[in-house]
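Okay, here's what each chain looks like letter by letter:
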Amino acid sequence: MPALKSWPFSPANQSVATKAVVGTSVAVIVALAFGFSAPVFADELDNRQSALEQEIEDVQQSIEYLDADIAKTIAQLRVFQGQLPAAQQALADAQGRVESATSQVTALTQRVDLAQETRNKINEQIDLDQEAMGETREMIGQIATQAYKNGGVPSNLSLLFGSEGSESLTNSIDMVDQALRSQNAALDQLSQQNAINLSSEARLIAVEAEILDLKAQAEEALAAEQIARDEAATQKSKVDALVADTSELSEQLQEQKPVIEAQLAEVESAHQKVAADIAARQARLIEEARKREEARLRAEAEERARIETERRAQAAAEKAAAENAAAAAAAAAARRPAPAPVEPAAVVPATVGPIAPIESGDPSAFGLRAPVSGPVSSGFGWRATPVGTIDFDGSGGYRHTGIDYGVGCGTPLYAAAAGEVWYADSNAVTGAGNRVVINHGVLQGNALATNYYHLSSFNVSVGQKVSAGQLIGRTGTTGNSNGCHLHFETQLNGSLVDPLGLL
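Residues numbered from 1 in each chain as written. Predicted model: local features only at pLDDT ≥ 70, side-chain atom pairs only at ≥ 80, totals over all residues. Heavy atoms only, no water.

K.L.:
With reference to specific residues and values, describe the overall build of the protein.
P.N.:
Helix and strand counts for the protein come out as five helices and 14 strands. Taken over 503 residues, the protein has a buried fraction of 36%. Put simply, of all contacts in the protein between residues at least 6 apart along the chain, 73% involve residues at least 24 apart. Of the roughly 26,500 Å² of accessible surface on the protein, a fraction of 54% belongs to carbon and sulfur atoms. (Helix = DSSP H or I, 4+ residues; strand = E, 2+ residues; numbered from the N terminus. Buried < 20%, exposed > 50% of the residue type's maximum accessible area, 1.4 Å probe, protein only. Contact = heavy atoms within 4.5 Å. Areas by Shrake-Rupley, 256 points an atom, 1.4 Å probe, with all protein chains shown as cover.)

Next up, the structure:
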């Protein structure tokens, strides 16, 4: 990623501004950023490192004027901020599972209680049925005993018939018949009670089995509830840790903000001077070229005026000579003396008017070519400050003053066009690392310079003439750069413009 950053330009003073070396005072924040207390596995560490590296790349493209440790701190802050919603959702989901498990435990408990209540009622009914069966058996026994002893209807059959004694044999027979029917009815009742009792016992066995099953389900639900509660506690710990880490990093960066702003202001002033120097040199070149072109045009106009004046004088002389010849011929024909010769008419010299203003042509006439073979990883233009980070210069973002080529260190670097090396130095501009600036002169009224930053090396020197496509160095990651790339700028007529519009 490039180290250079441009603050908003004013019409009177457009400048290049590079990121400042401002991070050493907050190196401790980086250590804090990795202060997750929970143990992690290798895959999780790899995922975290990958996420952090991606965030660092994004931050470097968005806040390029920060150096490595500040960019890393902001990236870690953004990682935490990105993780927090998911962690909060995981906590909410875990709490939902706790509520679901608790509801299941409650429902199962109610079902166990209901099954136990049913069991108690069945047991009570069985006891009542056993008691009724005992009474029925006793009654049958009494009927059989009395019938055996008396040879007829027992005297205590009033229990069944509600009356005693008999006045006739017929009544006695009827009573015996009724006693037998009553005995049979009692036997039938006993059989029915026994069947009911057997059914109740079968129901009791089923209810007991259901109770055992429900208790097993309840125990599983209780275990699941405990697991859900443990998971919720773990998720809450993660959320608490993320909130704490995020707050701590934010506070640390806020504390550093005044210091960083002051350093950035100092760096901006220095880089404005560098940009102003290039702009001033280009202005002189443009003025010199304008004067040369104006002088050339004036010389051509004066030459045309001289030729026109000579043509006019020649025409006047030829006219006078013709007139003199004609007069002499006429005098000879009339045999008169020849008149005095006529002098050529006075000639008004041709004048040179004002030179028209010189108009600039198309800057594509420079024939600029890409300085490296590789993709453009970051374009030219405005970049907003990432959400959740600190707007250090208070403008809401900044203008990226060039384009970045995503190429590896050591990639051959070629001159984008023919020209003269204006700068070839190391760390002369804060954050630029090894840089080369080539002046491509003035063409059709336009002055162009190209700037190359973060080089691993360069093999040209100040004042050297280079041709288009000549090897001038190799890309790198020097200066305030956190990865191999080329930051490439084009300064046209004193202003930084999008290189893609010229390539």
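K.L.:
Lay out the pattern of salt bridges with the relevant residues and their values.
P.N.:
Pairing of side chains with opposite charge becomes possible as their charged atoms draw close. Overall, the coordinates contain eleven salt bridges when judged by the stated rule. Linking Glu117 and Lys121 is a salt bridge whose minimum nitrogen-to-oxygen distance equals 3.6 Å. A residue pair is termed a helical-turn pair when its members lie 3 or 4 positions apart in one helix, as Glu117 and Lys121 do in helix α3 (residues 68-150) at four residues. You can call Lys121 exposed: its relative accessible area is 52%. The residue Asp425 makes a salt bridge to Arg435 at a minimum N-O spacing of 2.9 Å. Here the residue Asp425 occupies a position in strand β8 (residues 419-426), and Arg435 occupies one in strand β9 (residues 434-443), the gap between them amounting to ten residues. (Salt bridge = Lys/Arg side-chain N within 4 Å of Asp/Glu carboxyl O.)

K.L.:
Describe the nonpolar core, with residues and values.
P.N.:
Ranked by size, the top nonpolar core spans 24 residues in total, and within it Val436, Tyr452, Ile472 and Leu486 carry the most contacts. Listed by contribution, the elements that provide at least two residues to this core are β6 (403-405), β8, β9, β10 (446-458) and β13 (486-492). Discounting chain neighbours no more than four positions away, the residues touching Leu486 are Pro371, Val372, Ile403, Asp404, Tyr405, Val407, Leu413, Tyr452, Tyr453, Leu455 and Thr475. Counting residues in each nonpolar core, the second largest holds twelve residues, with Ala115, Ile126, Leu204 and Ala221 among its members. (Core = buried A, V, L, I, M, F, W, Y, C linked by side-chain atoms within 4.5 Å.)

K.L.:
Describe the pairing of strand β12 (residues 471-475), listing the residues and the values that go with them.
P.N.:
Direction of pairing for strand β7 (residues 412-414) relative to β12: antiparallel, over a ladder of three bridges. Note that in β12 the partner of Pro412 across the bridge is Arg474. Of the strand pairs in this sheet, β10 and β12 are connected by three bridges, and their pairing is antiparallel. The residue bridging Leu455 from the neighbouring strand is Thr475, located in β12. (Pairing = 2+ DSSP bridges.)

K.L.:
Mind laying out unusual backbone geometry, listing which residues take part and the relevant values?
P.N.:
The residue Asn427 is not glycine, and still its phi comes out positive at about 60°. For Asn427, the position within the fold is in the loop between β8 and β9. The residue His454 is not glycine, and still its phi comes out positive at about 70°. Its place among the elements puts His454 in strand β10.

K.L.:
Go over the packing of aromatic side chains, please, and point to the residues and values.
P.N.:
Under the definition given, this model contains two aromatic pairs. An angle of 55° between the planes, with centres 6.5 Å apart, marks the rings of Tyr405 and Phe488 as tilted. Placement of Tyr405 in strand β6 and of Phe488 in strand β13 is noted, with a sequence separation of 83 residues between them. Judged by relative accessible area, Phe488 falls into the buried class, the value being 0%. Consider the rings of Tyr452 and Phe488, whose centres lie 5.3 Å apart with planes at 45°: the pair is tilted. Here the residue Tyr452 occupies a position in strand β10, and Phe488 occupies one in strand β13, the gap between them amounting to 36 residues. Each member of the pair Tyr452 and Phe488 is classed as buried. Taken together through their ring pairs, the aromatic side chains of Tyr405, Tyr452 and Phe488 make up a single cluster. (Phe/Tyr/Trp six-rings, centres within 6.5 Å; stacked < 30°, edge-to-face > 60°.)

K.L.:
Can you break down the confidence of the model for the protein residue by residue, with the values?
P.N.:
Per-residue confidence for the protein gives a mean pLDDT of 75; residues scoring 70 or more make up 70%. Residue range residues 1-42 is modelled with pLDDT below 50. Its contacts to residues more than four positions away, or to other chains, number 142 contacts. Low pLDDT (under 50) marks residues 153-166, which in the prediction has 25 contacts with non-local residues, meaning those over four places away or in another chain. (pLDDT = per-residue confidence, 0-100.)

K.L.:
Help me get a handle on the pairing of β10, residues and values and all.
P.N.:
For β10, the buried fraction is high: ten of the 13 residues fall into the buried class. Looking at chain direction, β9 and β10 are connected through seven bridges and run antiparallel. For Ile438, the partnering residue across the bridge sits in β10 and is Thr450. Taking the residues that link successive antiparallel strands as the turn, the β9-β10 hairpin has two residues, and the phi of Gln444 there is positive, at about 55°. Here six bridges tie β10 to β13, and the two strands are oriented antiparallel to one another. Paired with Thr450 across the strands is Thr490, a residue of β13.

K.L.:
Could you give an account of the side chain of His485, with specific residues and numbers?
P.N.:
For His485, the location among the structural elements is in the loop between β12 and β13. A distance of 2.8 Å separates a polar side-chain atom of His485 from the backbone oxygen of Gly483. (Polar contact = N/O pair within 3.5 Å; in protein donor to acceptor, adjacent residues only side chain to side chain.)

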